Amino acid sequence: ESVIFAFSGTLDGDGHTIRNLRIDGGSGEALFGLVSPDGEIRNLGVVDVDITGTGHPAGLVANNLGRVLNCYSTGRVISRMNAAAGLVGFNRGSVAGSYSTAIVEGPIFVGGLVGWNYGTLNDCYVTGSVSGYFYVGGLVGENYDKLTACYATVSVNGYDYVGGLVGIHNGGTVQVCYAAGLV
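Draft legend 1. Local environment of the sheet that holds strand S13 (residues 108-111). Within the open sheet, the four strands sit side by side as S8-S13-S18-S23. Their pairing is parallel. Two strands bound the open sheet, and with one partner strand each, they are strand S8 (84-85) and strand S23 (160-163). Here S13 runs beside strand S18 (residues 134-137); their pairing, made up of three bridges, is parallel. Each bridged residue has a counterpart across the sheet, and for Gly111 the counterpart in S18 is Gly137.

Draft legend 2. Seen up close, the pattern of salt bridges. In this structure the tally under the stated criterion is five salt bridges. Ionic pairing is found between Arg42 and Asp12, a salt bridge with its closest N-O pair at 3.3 Å. Placement of the pair is Arg42 in strand S4 (residues 40-53) and Asp12 in strand S1 (residues 10-19), with a sequence separation of 30 residues. Ionic pairing is found between Glu40 and Arg67, a salt bridge with its closest N-O pair at 2.9 Å. A residue pair is termed long-range when its members are at least 10 positions apart, and Glu40 in strand S4 and Arg67 in strand S6 (residues 67-69) qualify at 27 residues. Relative accessible area serves as the criterion here: at 30%, Arg67 is assigned to the partly exposed category. Within the structure, one salt-bridge network assembled from shared partners comprises Asp12, Glu40, Arg42 and Arg67.

Draft legend 3. Main features of the sheet that holds strand S14 (residues 114-117). Across the sheet, six strands lie side by side as S3-S5-S9-S14-S19-S24; this open sheet has parallel pairing. Edge positions in the open sheet fall to strand S3 (32-35) and strand S24 (166-168), since each of these has one partner strand only. Neighbouring strand axes in the sheet, compared pairwise and without regard to direction, differ in orientation by 15 degrees on average. Alignment of strand S19 (residues 140-143) against S24, held across two bridges, turns out to be parallel. When the bridges of S24 are listed, Val140 appears paired with Val166.

Draft legend 4. How the structure looks around the side chain of Ser98. Structurally, Ser98 can be placed in the loop between strand S10 (94-96) and strand S11 (99-100). At a separation of 3.0 Å, a polar atom in the side chain of Ser98 contacts the main-chain amide nitrogen of Cys71. At a separation of 3.0 Å, a polar atom in the side chain of Ser98 contacts the main-chain carbonyl oxygen of Ala96. Not counting chain neighbours up to four residues away, the residues in contact with Ser98 comprise Val68, Leu69, Asn70, Cys71, Leu87, Leu113, Asp123, Cys124 and Tyr125.

Thresholds applied
Residues numbered from 1 in each chain as written. Predicted model: local features only at pLDDT ≥ 70, side-chain atom pairs only at ≥ 80, totals over all residues. Heavy atoms only, no water. Pairing = 2+ DSSP bridges. Helix = DSSP H or I, 4+ residues; strand = E, 2+ residues; numbered from the N terminus. Salt bridge = Lys/Arg side-chain N within 4 Å of Asp/Glu carboxyl O. Buried < 20%, exposed > 50% of the residue type's maximum accessible area, 1.4 Å probe, protein only. Axes fitted to C-alpha atoms, helices over the stretch in contact; angles between N-to-C directions. Polar contact = N/O pair within 3.5 Å; in protein donor to acceptor, adjacent residues only side chain to side chain. Contact = heavy atoms within 4.5 Å.

So, in structure tokens, the structure goes:
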């Protein structure tokens, strides 16, 4: 039986970066696999990541229930099976003041910043490129909560349910956001 450990503290990167993170593995690949509701990561950059996995691979956090503040990622993230994102694979917490310039590729629920969003994104942006088959969005692959003051200037490529900002199912709200990339 496997045990899942969640990061539940506060990590203040104080503007530092982690460089050349390489992961090629199973599910939940990122610098942090799971951030708990009382966890917080802030002021940290992950630079030149090269992450490949099967579910929720992302540059910083695979599954976020807490807070990500003033963080960024660069490099490449690829999913072989499910959601992929430049910064957070699955967000049920909050992401603010953050961005990604990573190249993101995957089959479904692919986003430049977040793959699946069930939390809040505020003052975030993405540049670079995003590609997939279904539910591909420049900022978010699928959105069920709130996007505020965000933008995407990525090139987005996909087969079905493709959008410059949100790929599919905007079940939440989008306020003061825009997309300006080639779709």
